[in-house]
Every structure is written in C-alpha cells, then in structure tokens.
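Chain by chain, the residues run as shown.
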Amino acid sequence: MLRRPGSDPTVVFIESGSWQAFLDLAGALRTAGVGITRVTIRSATRRTRLVSLVESGVFDRTLRLVEGGRASGTAPDLNGPEVAAALDLERVDIQAQDDLVPALLRDELVPAYRRLAEGVDPAVVADKAVQAAWASTAGVATPDSWSSPDDVPLPAIVKAPVGSGGQGVRVVTTPDELELAWIDLTDAAGRPPFAQRLLRKSVSTGGVALDGRVLVGTAYDGHPAADDPTGPPAVVVAVDDEEVMDLTRRVLAEIGYTGLFCIDWVRDEDGAAYLIDLNARVFGSWVALQALGLDLLGAYLHTLGIAPEPQPTRATLGRAEPTLRYPCPTTSTPSAVRSWRRESLAIVRRRRGWLGDRWALAVWVRTEIGTVSASLCRCIATSTSTAAA
C-alpha cells in the first residue's frame, strides 16, 4: 500500500512458522528504517518458542494472533477483525505465508495484502486454479490439469490448492500413489488438490512490480539441496531467459500486480514454457538475487512510497549465490552438520552490513541452536540403532 502524505508505512509479516525469507526482509527493512511487525502463532513447542524469541529482536513488535500452524500440525487460521483492530490497514503492506492467504481472502484483508487491478479476482494471489485462468487471459500457457483423480495420465504432479516451498506437492507414478496424494493434499476446508502434467522444471522469475509494470526482475535457476529436492533453492544462479521474462511481464500486466513476486516455470519436450505457480510475496531467493546485484529492496521501498524508483539493475549472470538453510538437516553426518554451520556463519558475515546487526545476531544464535539440536538428534539416532543391534 502506498504511503499517504505525513505517514510512514509498516510491513507486516503474517506467518504460521519461522521462515528465512521473512527474517531476511525484516532485517533489510529495519536497516532501511521501515517499521516491521510480526504476526505469528499463539502457541508453539518449546523449541519453536525459543526460535521465535531469538528472532523477535529483528522486529519492532510481535503479535500472537495465528491459531494452529505447522508447529502444531494443524491448519493455520487467524481472526481478520482481530488483525484489523491491531493494525492500521491503510498504512501497511502485508507479507503472508501462503497457508494464511485463504484467511486473508475470507476476511477481505487482501487489499492491504496485495494491490491488483480493478476487477481481478483477489484469489489470484494464492489459488493455483485462479492463477491458471488469469494466465490464460494473458495468453500465457499453463500445463494440462485435472480436478479429479479419474483419468489422470501418469506420471503426474499433484498439488494442494495453496502451498509454497515445496509443501503440498507430490510427484506420483502409480494409481495407488495418486489416490494417496489426493487424500493427503485435500486441505482442512475440504478443497481437493489438482493434478498437472509432469513437465521438466525450468527457471523461475523474480522481481518487483508496480501496477503491473516490472520495475526490476530476472530469470534464475534455483538448485535445491540433495536432501530436499522439492524444497526451496539452496543455491541461486541468475540466467538470461528473455522468453520467460516477457511472459512474466504479460501476466503481471494482466492482473495489475504490485509487490514482490516469484513465478515458477516448466518446459515441455519442445521447449515451450508454462507457468505453474505465482508467489505474490517475498520469496526465499530474493536475498541471493539482491546479493547478485538486482535491487529488489530499493524497488520494494519504491512501491511502499518511501524511496524513488531505482535505476534499472541487472543481476550478475552465472554466479552461484547460496541461501541460508534452516533448520540444519537432522539426518546429516557430523561432518555435514559442521559444514552447514560453517557455511551459514559465512553468509551471516557477508550479509550483516545490509541485513543488520540484529538479523546477524538472531541468525548466529539460531545457527548454534540448530547445530546442537542436529548433533543431539544424530547421537540419539545412533544410540537407538546401536541398542537395536
């Protein structure tokens, strides 16, 4: 939401569990002097409460208004009127995890969440079926899809109506796998998943748009970690792919979108590109692209009305930039845990200058907690297997 004269905007992060992309953006915004509020879960496990406490110093204030969530194993929800009473929705920009967007839609908080052209279905910010319909209107292809498990050609990919970071996605190769995925990925409100033709993963596009015009953007390859092949990227490489950038501009212009964005693409055997997901929020790879020279932060501040439009920038092509992975994989070997700690702290040192001291302190403490936790879990697993033998 653009700032009104004499007022300062606040960026509000609404989450059902700690997410690195939010913490990174919060650190950058604090360094830039922007107010930041965190809306998070009311109750949590002891470990989750500890992580939340460690991270809380990065935010100006924390409001516990989210019920359920990933930590409790239940679908997250929040009370829209309660959120509206705690925030000045005329002066905020909301960054929300995808599993909470249905609640924002239900309680009509989307105008504060993301600005769209008049007449655009607000569900386009999260619902993949609605995204496909608007992409088609823009002349952008999406893979063939099926809303029923009957007659789905295999192999296929099954997706929950709303999901992110590899969650709610299942590749199926047999009828039994398809049936199980359909049951597992039906959401708490009873909305079924859908199946899509399984195509080759291609690049993603990320950037910032204002009223449907891309201010800054690039295509990039995100390479996931070997132990999380459907998860977010562990390494990011900017690439030159003008075809998908042109398709990106067409989609965002069609819906008149304002804000940070990430779009995922696949290609068929002939090389044609298909849109599979529009993430209408900050995304995990943004901080790596910023480090590669793409001024996403400056462009985002411009959409908030507190900075001039940045000069066009381009990300350095072909250079691999790591992202922070958290938590530490508990199934890793001791050497892998040590390597994870070393790589994480190296990233903290490199990015401390523009993500801030509070961010650096929070990530450092959290990394040490993650290292101890992963080591303890491995010791317990080793002891259990030895006893069983």
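Shown above is the structure to which this text applies.
Because the structure is a prediction, the values reported are computed rather than measured.

With that out of the way, let us pick up the side chain of D98. Mapped onto the secondary structure, D98 falls in the loop between β5 (92-96) and α4 (101-106). You can call D98 buried: its relative accessible area is 5%. Side chain to side chain, D98 and R281 meet in a polar contact 2.8 Å long.

Secondary-structure assignment places E254 in helix α8 (residues 242-255). Assessed through its relative accessible area of 30%, E254 is described here as partly exposed. Counting along the chain gives 120 residues from E254 to W134, while the straight-line C-alpha distance between them is 7.5 Å. Once you skip the residues sitting within four places of it in the chain, E254 turns out to touch V120, W134, T137 and A138.

Another point: empty space enclosed by the protein. What the rule picks out here adds up to 4 cavities of 30 Å³ or more. Its volume calculated, the second largest cavity comes out at about 50 Å³. In this structure, the second largest cavity is lined by K128, Q131, A132, T142, F194, Q196, L275 and I276. If you list the elements that add at least two residues to the lining of the second largest cavity, you get α6 (128-137), β9 (194-197) and β14 (273-279). Considering each element in turn, the lining of the second largest cavity owes the most residues, 3 residues, to α6.

A few words on unusual backbone geometry. That bond from L154 to P155 is cis: its omega, 0 degrees, falls within 30 degrees of zero. Counting through the fold element by element, P155 comes out in the loop between β6 (145-146) and β7 (156-159). Positive phi values are uncommon outside glycine, yet D211 reaches one of about 50 degrees.

Definitions and limits used
- Residues numbered from 1 in each chain as written.
- Predicted model: local features only at pLDDT ≥ 70, side-chain atom pairs only at ≥ 80, totals over all residues.
- Heavy atoms only, no water.
- Helix = DSSP H or I, 4+ residues; strand = E, 2+ residues; numbered from the N terminus.
- Buried < 20%, exposed > 50% of the residue type's maximum accessible area, 1.4 Å probe, protein only.
- Polar contact = N/O pair within 3.5 Å; in protein donor to acceptor, adjacent residues only side chain to side chain.
- Contact = heavy atoms within 4.5 Å.
- 1 Å grid on protein atoms, 1.4 Å probe; cavity = no way out; pocket = protein on both sides within 12 Å on 5 of 7 lines; lining within 4 Å.
- Points joined across faces, edges and corners; volume = space filled by probe spheres on them.

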